[in-house]
Amino acid sequence: MKDVLGELIALLQGAGAVALARVVEVSGAVPRETGAAMIVTADGMVIGSLSGGCVEAAVIETAREVLATGLCVNERFGVDDGIAPGLTCGGEIEVVTECVGAERLPLLLELQSALGAGEPVGLVSTLSAIPDWALVRPGESVPWPQIDGDVASLIRAGSSAVAGADRCEPDQSGLPRVFVQAFAAPPRMILAGANAFVRALSRTGSQLGYRVTVVDAREVFATPAQFPHANEVVVDWPHRYLRSEVDAGRVDGRTVVCVLTHDPKFDVPMLVAALTVAPVAFVGALGSRRTHTDRVARLREQGITDDQLGRLRSPLGLDLNARTPEETAISIAAQIIAETSGGSGQSLSDTDGPIHR
């Protein structure tokens, strides 16, 4: 839903009610994750996607019904059998389509503000005929105390899922079935250096949903104008900045650190900090094989152990025969995705088993 939020707000500010369809549960191999959203307007305009085209036509018909009645509709789509709409990938999704009007604007604007500030937050919606919505931050309670603990756990973990009863209406105890769409603070990508490769990777990292920081001690190079896709550009020694961020609790197990400085006086202290004090998901350093050999020797001189060196990805990137900064950024991003999500980095045509784990 995050990718259509701005357009949803703009439509509600000027065009009245729209139908909002969201994927609330998935099982098996599916093309989109829980929380994927699609908007359908009264004049038939469609924004967003639920399944890459498999079930959108059926959901558009449902959206017309929802706009006419104002009532939420819950649908499940399984394997495409050639008769009923379904998924060719073999999975199953549950889609909830509801009518959203201008009365939702204050909550949606608050959600947009929270996301812009990088705050973790959850949008909780009852899956009832006329849904209730609540915006919940970590530590806050929901209007349904029976499921407060379940909702709080999902928001803390940044996991979107259904909680509560097993059907759309409350059960006899009043327990509702709700969809918790959790928006965790984005993971960080800290890039040491100020050059064309950093510029390209900052753009790619931003597209992947990272909060990108570029840090370099050279004020003449480290400017926001040079790195327009970075969330922040910091003038400081990279290792000193990283240590201060660790001390402030702003680095966690999702953080990615890439050193692209090509200068031992910058990259060795930064890598020492990343490999010894930073609890990060990924540490990489760009450079030739000769640079890598020299860098490893310098790191050993600084007391870096074999186990710590085992965490270092250097030379950085997958073997794509990349040459330009943009190609190199794709090579690096591909390695980060593979290693932080349990992928192999192999060609899918050379593997078997499920594509999506």
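These numbers were taken from a predicted model, which means no experiment stands behind them. (Residues numbered from 1 in each chain as written. Predicted model: local features only at pLDDT ≥ 70, side-chain atom pairs only at ≥ 80, totals over all residues. Heavy atoms only, no water.)

### Side note on the environment of A182
Then, in step 1: In this fold, A182 is placed in strand β9 (residues 177–183).
Then, in step 2: Relative accessible area serves as the criterion here: at 11%, A182 is assigned to the buried category.
Then, in step 3: C-alpha of A182 to C-alpha of L50: the two residues are 132 residues apart in sequence and 17 Å apart in space. (Helix = DSSP H or I, 4+ residues; strand = E, 2+ residues; numbered from the N terminus. Buried < 20%, exposed > 50% of the residue type's maximum accessible area, 1.4 Å probe, protein only.)

### Some details on the sheet that holds strand β7 (residues 133–136)
Then, in step 1: Spatial ordering of the open sheet is given by β7-β6-β9-β8, a layout of four strands whose pairing is antiparallel. Unpaired on one side and paired on the other, β7 and β8 (161–164) mark the two borders of the sheet. In this sheet, neighbouring strand axes are inclined to one another by 25 degrees on average, regardless of whether the strands run parallel or antiparallel.
Then, in step 2: Where strand β6 (residues 121–126) and β7 come together, four bridges link them in antiparallel fashion. Its bridge partner lying in β7, G122 is registered against V136.
Then, in step 3: Seen against the sheet, helix α3 (residues 105–116) touches β6, β7 and β9 and runs at an angle of roughly 25 degrees to β7. (Pairing = 2+ DSSP bridges. Axes fitted to C-alpha atoms, helices over the stretch in contact; angles between N-to-C directions. Contact = heavy atoms within 4.5 Å.)

### Examining the UniProt feature "domain: XdhC Rossmann" (unreviewed entry) in the protein chain
Then, in step 1: Under the local residue numbering, the UniProt record ascribes the feature "domain: XdhC Rossmann" (unreviewed entry) to residues 189–336.
Then, in step 2: Across residues 189–336, the secondary structure splits into 43% helix and 16% strand, with the terminal C-alpha atoms separated by 10 Å. (UniProt positions renumbered as here; feature names shortened; annotations may be inferred.)

### Observations regarding the pattern of salt bridges
Where charged atoms from two side chains of opposite charge come close, those side chains can pair.
Then, in step 1: Counting across every chain of the model gives 20 salt bridges.
Then, in step 2: Residue E110 is joined to R137 by a salt bridge in which the shortest nitrogen-to-oxygen separation is 3.0 Å. In this pair, E110 sits in helix α3 while R137 sits in the loop between β7 and α4 (148–157), placing the two residues 27 residues apart along the sequence.
Then, in step 3: For R137, a relative accessible area of 21% gives the class partly exposed.
Then, in step 4: Across the salt bridge formed by R300 and D306, the nearest N and O atoms sit 2.5 Å from each other. (Salt bridge = Lys/Arg side-chain N within 4 Å of Asp/Glu carboxyl O.)

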